[in-house]
Amino acid sequence: MIYTVTLNPSVDYIVEVEELTLGGLNRMKRDMKLPGGKGINVSRVLKQLGVENTATGFLGGFTGGYIDTWLGQEGISGDFVPIADDTRINIKLKAGQETEINGAGPVITETETASLLHKLDALKPGDIVILSGSTPPSLGGDFYSRLITVCKQKGAEFVIDTTGQALQDALSQGPLLVKPNHHELAELFGVQISTREEIITYGRKLLEGGAKHVLVSMAGEGALFISGQEVYHASAPKGQVRNSVGAGDSMIAGFVGTLSLTGNVLEAFRAGVASGSATAFSDDLADRALIEELRPLIAISQL
Ligand SMILES: Nc1ncnc2c1ncn2[C@@H]1O[C@H](COP(=O)(O)OP(=O)(O)O)[C@@H](O)[C@H]1O
Ligand SMILES: O=P(O)(O)OC[C@H]1O[C@](O)(COP(=O)(O)O)[C@@H](O)[C@@H]1O
């Protein structure tokens with residue numbers, strides 16, 4: 001079974017204005033409220049790909065209810081810990097460019113924390129746990145380490161998609177996959193990255209640090225896949241970008257879902273890029289039809 005863990009879900013409030021006037025009254029051209037948070041996005045795209053999975057994490061208040069109802073309508077199996085505080089709302093402002101304002105997240109009590117850890121008792125060898133996104137401050141900076149310890153005790157593989165120290169700490173525990181984008185990769189090592197060679201150099205350091213596979217996504221420039229001694233590049237298909245929020249999460253879903261179905265890492269890479277691009281070309285996350293349409297257009301070359 002694949003599990004996704006979203007410690008900090010969100011209602012993504014996507015607001016489009018023709019032109020933003022700071023300090024003035026702006027009228028929305030369009031708005032959308034979508035369930036968000038990285039693991040939840042992964043679960044929704046896995047479902048599109050026909051990969052059964054369970055989404056867990058914390059949900060609370062009217063925002064948590066909105067997400068729970070949405071997932072239920074899509075037939076996604078959710079097993080969230082109910083919390084007293086409200087799940088956050090993240091603002092995605094589209095005014096020519098995309099600007100994001102993400103909330104810090106709700107307060108999680110000790111009892112709520114214990115309930116989540118208790119749910120992980122059900123993990124079994126062969127399960128894959130996808131740990132994605134930020135951690136609400138009240139959980140403390142080492143909470144992912146605690147979850148990873150449980151995964152390892154149970155013999156489950158884990159994937160981690162987060163940033164900074166939490167990602168650094170997770171590497172030596174042998175994640176199945178890490179997927180920074182090229183900006184996150186540079187930030188992680190405190191360097192400027194401007195060439196593909198530099199991305200490969202720092203991507204390899206993630207492998208040396210303990211990751212089994214590394215994907216570095218580069219938005220419209222596609223992605224690099226680094227595994228063992230091998231490095232591959234996949235081009236991204238061209239298309240009209242509608243909403244790239246969740247493109248990275250979709251890529252993780254495409255990769256992990258296809259790897260679990262086929263065991264073929266290059267097919268997984270292809271599906272990852274197709275899923276990321278299908279999301280970038282959609283208002284909401286990718287649907288299966290568009291992923292299948294894009295899949296044969298992804299050209300993979302070994303570097
Ligand atoms: N403008 C785009 N055109 C085509 N594909 C895109 C575009 N933006 C994102 N993608 C696809 O989604 C993947 C992940 O996007 P990226 O923006 O790098 O991740 P993140 O959302 O984590 O920042 C890319 O590797 C690519 O396949
Ligand atoms: O937990 P964080 O890092 O604040 O990120 C949460 C945000 O990331 C998203 O999951 C999108 O992530 P990506 O664009 O990186 O795939 C949004 O749905 C959500 O608002």
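Residues numbered from 1 in each chain as written. Chains lettered and ligands numbered in written order. Predicted model: local features only at pLDDT ≥ 70, side-chain atom pairs only at ≥ 80, totals over all residues. Heavy atoms only, no water.

If you look the chain up in an unreviewed UniProt entry, it shows as Tagatose-6-phosphate kinase from Paenibacillus rhizoplanae. According to the UniProt record, the Pathway (unreviewed entry) comment for the chain is "Carbohydrate metabolism; D-tagatose 6-phosphate degradation; D-glyceraldehyde 3-phosphate and glycerone phosphate from D-tagatose 6-phosphate: step 1/2." Taken from UniProt, the Function (unreviewed entry) comment for the chain reads in full: "Catalyzes the ATP-dependent phosphorylation of fructose-l-phosphate to fructose-l,6-bisphosphate." (UniProt positions renumbered as here; feature names shortened; annotations may be inferred.)

(A) Summary view of the nonpolar core. Core analysis: the largest hydrophobic core is formed by 44 residues, its most contacted members being Leu7, Phe58, Leu131, Leu147, Ile160, Val178 and Val214. Tallying contributions element by element places helix 4 (residues 143-154) first for this core, with six residues. Both of domain 1 (1-134) and domain 2 (177-303) provide at least three residues apiece to this core. Dropping the residues within four chain positions of it, Val178 is found in contact with Ile160, Leu167, Leu171, Leu206, Ala211, His213, Val214 and Leu215. By size, the runner-up hydrophobic cluster in this structure holds 35 residues, among which are Val42, Leu46, Ala253 and Ala268. (Core = buried A, V, L, I, M, F, W, Y, C linked by side-chain atoms within 4.5 Å. Buried < 20%, exposed > 50% of the residue type's maximum accessible area, 1.4 Å probe, protein only. Helix = DSSP H or I, 4+ residues; strand = E, 2+ residues; numbered from the N terminus. Domains from an automatic or database assignment. Contact = heavy atoms within 4.5 Å.)

(B) A look at the site of ligand 2. Close to ligand 2 lie 18 residues, the nearest being Asp12, Lys38, Asn90, Ser134 and Gly246. In the model, an oxygen atom of ligand 2 is placed 3.1 Å from a nitrogen or oxygen of the Asn102 side chain. Taken by itself ligand 2 offers 490 Å² of open surface, and the protein chains cover 84% of this. Residues that form the shell around ligand 2 fall into these classes: two nonpolar, 11 polar and five charged. Residues lining the shell around ligand 2 come from more than one domain, with at least three contributed by each of domain 1 (1-134) and domain 2 (177-303). (Near = heavy atom within 4 Å. Polar contact = N/O pair within 3.5 Å; in protein donor to acceptor, adjacent residues only side chain to side chain. Areas by Shrake-Rupley, 256 points an atom, 1.4 Å probe, with all protein chains shown as cover. Nonpolar A, V, L, I, M, F, W, Y, C, P; charged D, E, K, R; others polar.)

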